[in-house]
Each structure stands twice: as C-alpha cells, then as structure tokens.
Amino acid sequence: MRAAARRWDEETPELGLVLARTVTVLGSTGSIGVSTLDVIRHARAKYGADAFRIEALTANSNVDKLIEQAKAVRPKLAVINDESKYDALKAGLSGTGIETAAGRKAVIGAASRPSDVVMVAIMGAAALEPALAAVARDAIVALANKECIVAAGTVFHRALAASKAKIVPVDSEHNAVFQCLSAADPEEIAKVTLTASGGPFRTWSLDQMRAATPAQAVAHPNWSMGAKISVDSATMMNKGLELIEAHFLFAMPPAKLAAVIHPQSIVHALVTYQDGTTLAHLSSPDMRTPIVHALAWPRRISSPSKKLDLATAGTLSFAAPDFERFRCLKIALDCLDQGCMSPTILNAANEIAVDNFLKGGIGFLDIAAVVEATLANSSGANTEAESVAEVLETDARAREIARGICRRKA
Ligand code: NAD
Ligand code: MG
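Within each chain, residue numbers correspond to sequence positions counted from 1 in written order. For naming, the first written chain is A and the first written ligand is 1, with later ones following in the order written. Side-chain atom pairs in this predicted model are given and counted only at pLDDT of 80 or more, local residue features only at pLDDT of at least 70, and totals for whole chains, interfaces and linings cover all residues. Side-chain measures were taken over the full set of non-hydrogen atoms in the model, leaving aside hydrogen atoms and water.

With twelve residues, helix H16 (residues 366-377) ought to run about 16 Å at 1.5 Å a step, and its terminal C-alpha atoms sit 16 Å apart, in line with that. Considered for burial, the residues of H16 that qualify are Ile367, Ala368, Val370, Val371, Thr374 and Leu375. End-on, the buried residues of H16 take up no more than an arc of 165 degrees, which puts them together on one face. Facing away from the buried side of H16 by more than 90 degrees, the exposed set consists of Ala376 and Asn377. Those residues of H16 that are buried are in contact with helix H10 (227-235), helix H11 (237-249), helix H14 (327-338), helix H15 (342-358) and helix H17 (388-409). Helical segments are the DSSP runs of H or I of at least four residues, strand segments are the runs of E of at least two, and each set is numbered from the N terminus. The span you would expect from a helix comes to 1.5 Å times its residue count less one. Categorising residues by exposure relies on relative accessible area from a 1.4 Å probe, with only protein chains included: less than 20% of the type maximum marks a residue as buried, more than 50% marks it as exposed, and the intermediate range marks it as partly exposed. Starting at the helix axis, one direction is taken to each C-beta atom, and the arc is that of these directions. Contact between two residues is taken to exist if any of their heavy atoms lie within 4.5 Å; hydrogens are not considered.

Below, the structure written as structure tokens:
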C-alpha cells in the first residue's frame, strides 16, 4: 500500500522512491513531448499509477493527437493554441472530466497553474512567455526549448534571479554540462565544450548542400526530432543556438565556450577545469535520458532509454567544425560575441528561414543568407533588451524583414 503522497525531495527511506510530482507538458504532441509522456508512462508502470500526475498538456494545432494523449495520461487540463480547433478538442474530451481551453493566453495560463515541474517542449520563441510564467511561480523548469533563452537571454536571466525557479536543462548537451558542473567558483572552469554530430551533411560539399532537399535535411543520422531542430542540426545553426544557450544558462563567457564535432553523439558535453580535469557526460543518443533526469532531478529513476555499451559503440571520434560549409554556426558565434539583441534577431530570422526552406520557398544555403541579411537590415542588434515586450517587438520586426528577404529569394 502506498503512503500518503509526499514531496519528491522528502527523505523516504522506507519507500525507496516516492513519485508525487505533478508535471505540466507544454508542447506534448511534439518529439520531446511524446518522449516525455513515454518516460512518464514507464515511471507509472514501475512505481505506481500516481507517479507523475499531469496537471496540463498543451499543443499547437494537432488536436487529434492531443485528445489521444489526454485520454491516455489523464491531465486535469488540455489546451490547444489554435483556437479554430477548440470545438474539436471540447467534443473529443467531453465526458472525460478533463478541462479544455484554447489560445495563446490559455497556453501561458497552463504554465501558471500549480505543478512541480513544467516541461517546456514548445518549438521556437513562442515558448518564451509560457516559460517565464513557469519561472514566475518558482517551478522546476525542465527546459527543452532553446529559442526562448537565445531570444531573451538577459531578460530571462533577470526573471530567474527574481524567482526561486530552478532550470534543469533538457537539451542533451546542456543537461550534460549541468551534470558535469562541480566547481565551487565559476573561475575554476576553463572551458565548456558542446559536442555536435555534424548532422546529415557533415561530409557533404557546398555544391551538394546547395541542392539539399527538406527531406534530406530532416533525416538526422542519430536523433529523431521535430522538423525545425532537424534543419538547424543540418545547418549547424543548432550548435550556434546552443552555445548562446550555454552562455546564458551557465553564465559562461563566450571565450570559454567551444563546439567539437563528434559524429557518434555519445559524449554530449565536456567541462574542463583549471587543474586539467575534464568531466564528460556520456549516454546513448536518446532524449528520454535527459528528460527523465530533469523530471526526477535531483533523484535518479528508471527510464526506458537504452543504457550505453561502449564495447558496442566502438570508436568515439572528434574533429573541429568547418565554419565555411556551416556558415550558420559562424554567424551565431558572431552574435554570441556581439551580445545585446543580436541573438534575438538571429533566432527570429532563422525560424522564418527554416520554415520557408521546409515549405520549398528557399534553398538550403539560403538559410544562412537570409539570417545574415536580416541581421544586417535590423535595428536593435546593439541594444540590450530591458523587457519581454522589447524582445517580442525586436523578434516580430526581424521576422517581418526575414519574410521579405525570403519572398525576394523565392
Ligand atoms: P516539435 O516540432 O516536434 O514539437 C513542438 C511542440 O510545440 C508541438 O507539441 C507543437 O504543438 C508545439 N508548438 C509549436 N508551436 C507552438 C506555438 N506557437 N504555441 C504553442 N505550442 C506550439 O519540436 P521538438 O523537436 O519536440 O522540439 C521542441 C523544442 O525542444 C525545440 O525548442 C527544440 O529546439 C528543443 N529540443 C528538441 C530536441 C529533440 O530531440 N527533438 C532536442 C533538444 C532540444
Ligand atoms: Mg542539443
């Protein structure tokens, strides 16, 4: 028989593990969202039906999948961002006792409702306000989304400092850094290195890349992910966004951040200390590992992901990135150095360019060109954001400029 629910971090020696956490999953129908529910199902099967009760699930427009998920995991609330799908959501969940809501405000509202952990798995800068709502109420924020930190680093930091929220990164490299950090003083850290698989075009020539199709770009060799981040991996903008993310998450100066190509995606990040020690984090490339770490933090629980077997993995290799073929990485590094709102513009332009590429509007190498031209034509790159509103304004303006550039290229 289970004892009354206790808080996760209470000592529970007689029970071993008590999972009495409530979780909200923002972006439950995406790649990270689906993996999160898989981890939760596994925990419930292993530790009891009460493990990880779900407060809310949210999705953008895939109402059928949201209904199916809600029926399976029984959240208190299901929210669809696309208001035209509200009637379908209401009808699909009638009689279940699950509350329903629609629209952007309702997505932010879902993050504001009481739950221990909020998984932020929405794609793009659209995650910014929901993530800040979770920060404002001192939640544990399992942060998969990187665009919100890139777009609003300083403002996000200020909100965090004013709250008791705890960010546990889910992006695999940042989750790895989080686990390898053991310095009492940040000065003890000499370098933080993120690994990059190199994506599907790691060995392609520029000419081959020029003709790359959306289907080829999303076919990642090691990870199965949403379309946008898959294209970001192919351009290596993903690593650029992640270096900016690391700068803000770990307060690391740009000079102490580096990326290294590691095609096997087994080592996820390395932290090198002043004394010459390097701590690395290794695991099979399966997002359920960082997801379960963030959901259970600071405890460690069973997960459905495959455990690493180095004898089977065989060789681990490393190489320096090629900035000429992966121009997006270079542009992002320049924005990391420039600071202010240049990362806001970089991210907004990239979201528009990737969307256009996926829809067949522009070519693969045009993504870097659109981002570069948007940065050159935007104001605000040298201004520090003072508020969320300022970030959102700069983001919206950059999107408009990027859309215009895409139209001219199409
Ligand atoms: P995805 O496209 O598969 O899913 C995105 C989710 O967000 C969906 O549930 C969608 O309904 C929702 N969504 C999209 N736009 C929205 C909006 N405007 N308002 C509300 N909800 C919206 O994406 P993904 O691959 O799961 O990635 C999600 C985030 O996690 C991204 O920021 C990505 O960079 C990051 N991430 C993903 C992976 C991965 O393996 N997939 C790894 C590391 C980091
Ligand atoms: Mg990553």
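Okay, the domain arrangement of the chain next. Partitioning the chain into structural domains gives domain 1 (15-170) and domain 2 (174-285 + 316-409). Here the C-alpha centroids of domain 1 and domain 2 sit 25 Å apart. Contact with domain 1, which involves 25 residues of that partner, is made by 29 residues of domain 2. We define buried area as the total accessible area lost by two parts upon association, computed with a 1.4 Å probe and summed across both. When the buried area of domain 1 at its contact with domain 2 is split by residue, Lys146, Val150 and Pro169 rank highest and sum to 30% of it. Throughout this description, the term salt bridge denotes a Lys or Arg side-chain nitrogen within 4 Å of a carboxyl oxygen of Asp or Glu. Put simply, domain 1 and domain 2 have two salt bridges between them. Any pair of nitrogen or oxygen atoms within 3.5 Å is treated as a polar contact; in protein, a donor-acceptor pairing is required on top of that, and neighbouring residues in sequence qualify only through side-chain atoms on both sides. Along the contact surface separating domain 1 from domain 2 lie ten residue pairs in polar contact (both at pLDDT 80 or more). Of all the elements in the fold, those that place two or more residues in the side of domain 1 that touches domain 2 are helix H5 (128-136), helix H6 (147-161) and strand S7 (166-169). For the side of domain 1 that touches domain 2, the class distribution of residues is 14 nonpolar, six polar and five charged. Domain start and stop positions are those given by an automatic or database domain assignment. Residues are sorted three ways: Asp, Glu, Lys and Arg are charged, Ala, Val, Leu, Ile, Met, Phe, Trp, Tyr, Cys and Pro are nonpolar, and all the rest, Gly among them, are polar.

To continue, consider a negative patch on the surface. Each patch is assembled from residues with relative accessible area greater than 30% and no salt bridge, linking like charges that lie within 9 Å and nonpolar side chains (Val, Leu, Ile, Met, Phe, Trp, Tyr) that lie within 5 Å. Calculation of accessible area relied on Shrake-Rupley with a 1.4 Å probe; when residues are assessed, cover is drawn exclusively from the protein chains displayed. Under the counting rule used here, the positive set is Lys and Arg, the negative set is Asp and Glu, and His together with the chain ends is not counted. The atom standing in for a charge is NZ when the residue is Lys, CZ when it is Arg, CG when it is Asp and CD when it is Glu. Negative charge collects at one region of the surface, where Asp185, Glu187, Glu188 and Asp275 lie side by side. Topologically, Glu188 is positioned in the loop between helix H7 (172-180) and strand S8 (189-196). Judged by its relative accessible area of 31%, Glu188 falls in the partly exposed class.

Here the idea is simple: oppositely charged side chains can pair when their charged atoms come close. The final tally for this structure, using the stated rule, is 21 salt bridges. Residue Arg104 is joined to Glu129 by a salt bridge in which the shortest nitrogen-to-oxygen separation is 3.1 Å. Pair noted here: Arg104 is in helix H4 (residues 104-112) and Glu129 is in helix H5, with a separation of 25 residues, a long-range link. Relative accessible area serves as the criterion here: at 33%, Arg104 is assigned to the partly exposed category. With a shortest N-O distance of 2.8 Å, Lys228 and Glu147 are connected by a salt bridge. Separated by 81 residues along the polypeptide, Lys228 in helix H10 and Glu147 in helix H6 bring together distant segments of the chain. Of the residues examined, Glu147 reaches a relative accessible area of 6% and is grouped as buried. Overlapping salt bridges bring together Lys146, Asp171, Glu173, Lys239 and Glu242 as one network.

Counted as coordinating are nitrogen, oxygen and sulfur atoms within 2.8 Å of the metal, or 3.2 Å for Na, K and Ca, while water is not included, which may make sites look incomplete. Bound to the magnesium ion (ligand 2) are the protein donor atoms Asp171 (OD), Glu173 (OE) and Glu242 (OE), situated 2.0 to 2.1 Å from the metal. The exposure class of Glu173 is buried, given its relative accessible area of 7%. The buried category is assigned to Glu242, whose relative accessible area is 1%.

Let us now look at the nonpolar core. What makes a nonpolar core is a set of buried Ala, Val, Leu, Ile, Met, Phe, Trp, Tyr and Cys residues whose side-chain atoms join them at distances within 4.5 Å. Ranked by internal contacts, the top residues of the largest apolar core, which has 129 residues, are Met119, Phe156, Leu295, Leu346, Phe364 and Ile367. Counting residues per element, this core draws most heavily on H15, which supplies eight residues. Residue contributions to this core reach at least three from each of two domains, namely domain 1 (15-170) and domain 2 (174-285 + 316-409). Excluding its chain neighbours within four sequence positions, the residues that come into contact with Phe156 are Leu128, Ala131, Leu132, Val135, Cys148, Ile149 and Ile167.

Attention now moves to the environment of Ala212. Mapping Ala212 onto the fold places it in the loop between helix H8 (206-210) and helix H9 (214-217). For Ala212, a relative accessible area of 7% gives the class buried. Sequence-wise, Ala212 and Leu336 are 124 residues apart; in three dimensions their C-alpha atoms are separated by 27 Å. Beyond its immediate sequence surroundings of up to four residues, Ala212 is in contact with Phe201, Trp204, Phe357 and Phe364.

The sheet built from seven strands is open, its strands ordered S4-S3-S2-S1-S5-S6-S7 with parallel pairing. Across the chains shown, the open sheet's two edge strands, defined by having one partner strand only, are strand S4 (99-102) and S7. Direction aside, neighbouring strands of the sheet carry axes that sit 15 degrees apart on average. By the bridge criterion, five bridges tie strand S1 (residues 22-26) to strand S2 (residues 53-59) in an arrangement that is parallel. In this scheme, strands are said to pair when DSSP sees at least two bridges between them. The axes used here are C-alpha line fits, helices contributing only the stretch in contact, and every angle between their N-to-C directions lies in the interval 0 to 180 degrees.

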